[in-house]
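So you can see what is in the structure, the chains are spelled out below.
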Amino acid sequence: MSRVLLALAFLVAFLAGPALAQATPTPGGTAIVVLGSDPEHLNTGISTGYPIGAVGASLYSALLYLDADGVPHGELAESWTVSADDLTYTFRLRAANFHDGTPVTSADVVYSMTDVLAPNHGRFQTAFRVIESITAPDPATVVIRLQRPYAPLIGLLSVFDAPILPKHVYEGTDPLTNPANQAPIGSGPFRFVEWVRGERVVLERFDGYFLEPALLDRLIYRIVPQDVARSVALEVGEADLLWGFYMPTADLDRLAANPNLAVWKGLTIPSLYFVFMNNDNPALADVRVRQAIMHAVDREQIVEQAQGGLGAVAAGPFGAGFSYAYDENADFRTLYPFDPARARALLADAGVANLTLDFVYDSARGSFAAAAEIMRDNLRQVGITLNVQPVERSVMVERVYGRQYDLSMQSFTSSGDPAIGYHRIYLTAPAGTNFVNATGYGNADVDFLLNEAAGLADRGARAALYAQALAILARDVPTMVLFDELSTQASAANLRGLLTRLDQRDGLEFAWLAR
C-alpha cells in the first residue's frame, strides 16, 4: 500500500519517552482517550465524522479489518472468495452476537449495507453505485455482486466504512433518528455504558465478543474542547491517549520531552487537508477567483506554523499519498505557487474587488484556527476579507454540507485508496449529504474518469485515467488542497498495544496498561 512521502516517514517516525519494550499484556484497568468535541451521534453507519469513528471503532464490527500494513483480515467474515471475473464476492460469517445477545446474521449485513450505509455513508455510497446486489442465501453467507469490477471493495469493508448494525433495532425506523444512535448496540469488543454530553462517553469490555476479548476493562472518551487543556490532561495523568487530529501541534515538542509520555509520528493512512470553495457563491463560481485564492494562500506557511510541520504541501488534487494518483503536470506547487501579484491580476481579470468570504471550521480543531488566521492575512493582501467563523462541529457539518458557507477547512482520510476517500471530494453530489463534495462543483468528465478508475485493479491503467481527471481538477480547482497529513499521537508511557491497525483509532481492544 502507498504511503504519503514514504522517505519522509523514515526520517520522522519515532518514539519518545520511556522505552516501550513489549512485555506480557496485563488485563484490566481503564484508559482515558481525549476527544476535542462531542460526537454528533454514535452511529458510524451514517457518518464518516472523526469523533464518531473514534468511539464507533470499539463498538461495532465489520466483515473485515485492516492491519497496520493495510492487509485485510476477517472480522465477522471467517473467510471470503472472489470470482475470477472480480464481480462476485462471497463471505462466510463466523458466529457472533450483538451486545444485546442477538446473533449477527447475514440479514444484518444486507440491511446495514442497503438500508443504512448506501443512502447515508459518504464513502460507502461511492462503492454502492457499482453494486448490483447484496444477498443472504443463508444466515451465515453474504454475496455481493458488482455491475463492474471495483478494486477498492475489500478495503472498504472495515468498521469505519461498513459497520454492521442490528437489523432488529433499526428496521422500520429512520436510521438518522433512531434512538440507538445515542445508545448504540454493536458487536464490537466494547459495549456502550453511558454518554454524558460535553463530558464523556463510557464503554466497557464486552465479554461475549466473538474474537479475543479486550484487555482493558473500560474506555472513557473524555470531551476536552480547549486545545491547551488536552495536552495538560496527558501531562497531569488525567488522560492516557491523544490522537493528532485533536493535538495542539505547538505542544508536541514539550510532550515528546516528557519522560512519562510516548509520542509517535509517522504514516498510517494517506489523508488530505483542504478548503472547500462553495460554487453557490457567484464570485467563487468563477474559476479565476478560485485560482486567485490558490495563488494568494501560502500553503507552506500553513504547514510550518499552523500544523507544526506535520504535513507536506499538497502536490495536486489527490496529494502525493498514492504514486498512481499523482501527475507532475497537475502539481499545485508548480501550477499555483504563492504569488499575491498573480492573485491580484486574476481577481482584476474576473472583475472582483472588495470580496468578503465566510470561513467556517470546526472550533475543536486548533490547527484550523491557526490556518484560518494565516489565510485571513494572506487574502487581505489581495483584497479579500475573510470572516473567520469557528463553530461547534455539529453546526459546521450542518452549514458546510447544506452549503451555507463560502470557504471551509476540512480533512478527509483516503481509507487506503483514493477511490474510497478522495473521489468523494470531487464527484458531483447534491447538497445535504455529509462528508462528500460540498462545493456544488460538478464535471461529467471527472465523474466518468473517476468512476472508471475505481473499477480497475491495475494501477498503471488507473494512473492513465487519473492523469486525465487531475488535469481537469488542477485547472478548475474546485477545492484548495493544502497538504498531506503526517500523523501523530501522544500517550501515557504505560499504555501499550497501540497502532495495531491501519487507522490509529481502531484496535483499542489490544491496548493495555503496564503496571
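All of the points below concern the structure found in this document.

About the cut-offs
- Residues numbered from 1 in each chain as written.
- Predicted model: local features only at pLDDT ≥ 70, side-chain atom pairs only at ≥ 80, totals over all residues.
- Heavy atoms only, no water.
- Pairing = 2+ DSSP bridges.
- Helix = DSSP H or I, 4+ residues; strand = E, 2+ residues; numbered from the N terminus.
- Axes fitted to C-alpha atoms, helices over the stretch in contact; angles between N-to-C directions.
- Contact = heavy atoms within 4.5 Å.
- 1 Å grid on protein atoms, 1.4 Å probe; cavity = no way out; pocket = protein on both sides within 12 Å on 5 of 7 lines; lining within 4 Å.
- Points joined across faces, edges and corners; volume = space filled by probe spheres on them.
- Nonpolar A, V, L, I, M, F, W, Y, C, P; charged D, E, K, R; others polar.
- Core = buried A, V, L, I, M, F, W, Y, C linked by side-chain atoms within 4.5 Å.
- Buried < 20%, exposed > 50% of the residue type's maximum accessible area, 1.4 Å probe, protein only.
- Salt bridge = Lys/Arg side-chain N within 4 Å of Asp/Glu carboxyl O.

1. So, the sheet that holds strand 18 (residues 407–413)
Step number 1: Spatially, the six strands line up as an open sheet ordered 15-19-14-18-16-17, and their pairing is mixed. This sheet does not close on itself; its edge strands, each paired only once, are strand 15 (311–313) and strand 17 (384–391). Across this sheet, the average inter-strand angle for adjacent strands is 30 degrees, counted without regard to direction.
Step number 2: Against the sheet, helix 14 (residues 393–401) makes contact with strand 14 (271–277), strand 16 (355–362), strand 17 and strand 18, and its axis sits at roughly 135 degrees relative to strand 16, the strand it touches most.

2. What to know about the layout of surface pockets
Step number 1: Space inside the largest pocket adds up to approximately 400 Å³.
Step number 2: Around the largest pocket, the lining comprises 17 residues; the ones closest to its centre are Glu40, His41, Ile46, Leu176 and Asn434.
Step number 3: Counting residues per element, the ones that place at least two in the lining of the largest pocket are helix 3 (106–120) and helix 14.
Step number 4: For the lining of the largest pocket, the element with the highest residue contribution is helix 14, accounting for three residues.
Step number 5: Here the lining of the largest pocket is built from residues that sort into four nonpolar, 11 polar and two charged.

3. Description of the nonpolar core
Step number 1: Counting residues in each nonpolar core, the largest one holds 112 residues, and the members touching the most others are Phe91, Met113, Ile144, Ile293, Met375 and Met409.
Step number 2: With seven residues, the single largest contributor to this core is helix 18 (residues 459–476).
Step number 3: The contacts of Ile293, once residues within four sequence positions are left out, are Met277, Leu284, Leu357, Leu379, Ile384 and Met480.
Step number 4: Counting residues in hydrophobic clusters, the runner-up holds 55 residues, among them Ile46, Ala180, Leu255 and Leu267.

4. Re the sheet that holds strand 8 (residues 141–146)
Pairing between the strands of a sheet comes from backbone hydrogen bonds, and it takes one of two forms, parallel or antiparallel.
Step number 1: The four strands lie next to each other as 5-6-8-7, forming an open sheet whose pairing is antiparallel. The sheet terminates laterally at strand 5 (77–82) and strand 7 (131–138), the two strands that pair on one side only. In this sheet, adjacent strand axes meet at a mean angle of 15 degrees when their direction is disregarded.
Step number 2: Where strand 6 (residues 88–93) meets strand 8, five bridges bridge the pair, whose relative direction is antiparallel.

5. Points about the pattern of salt bridges
Step number 1: Evaluated as defined, the whole model comprises 25 salt bridges.
Step number 2: Arg254 serves as the salt-bridge partner of Asp251, at 3.2 Å between the closest nitrogen and oxygen.
Step number 3: On the accessibility criterion, Asp251 (10% relative accessible area) is buried.
Step number 4: Salt-bridge contacts for Arg288 lead to Asp286; the nearest nitrogen and oxygen are separated by 2.8 Å.
Step number 5: Overall, the relative accessible area of 19% leaves Asp286 in the buried class.
Step number 6: A cluster of three or more residues bridged by salt bridges with shared partners is formed by Glu40, Asp362 and Arg393.

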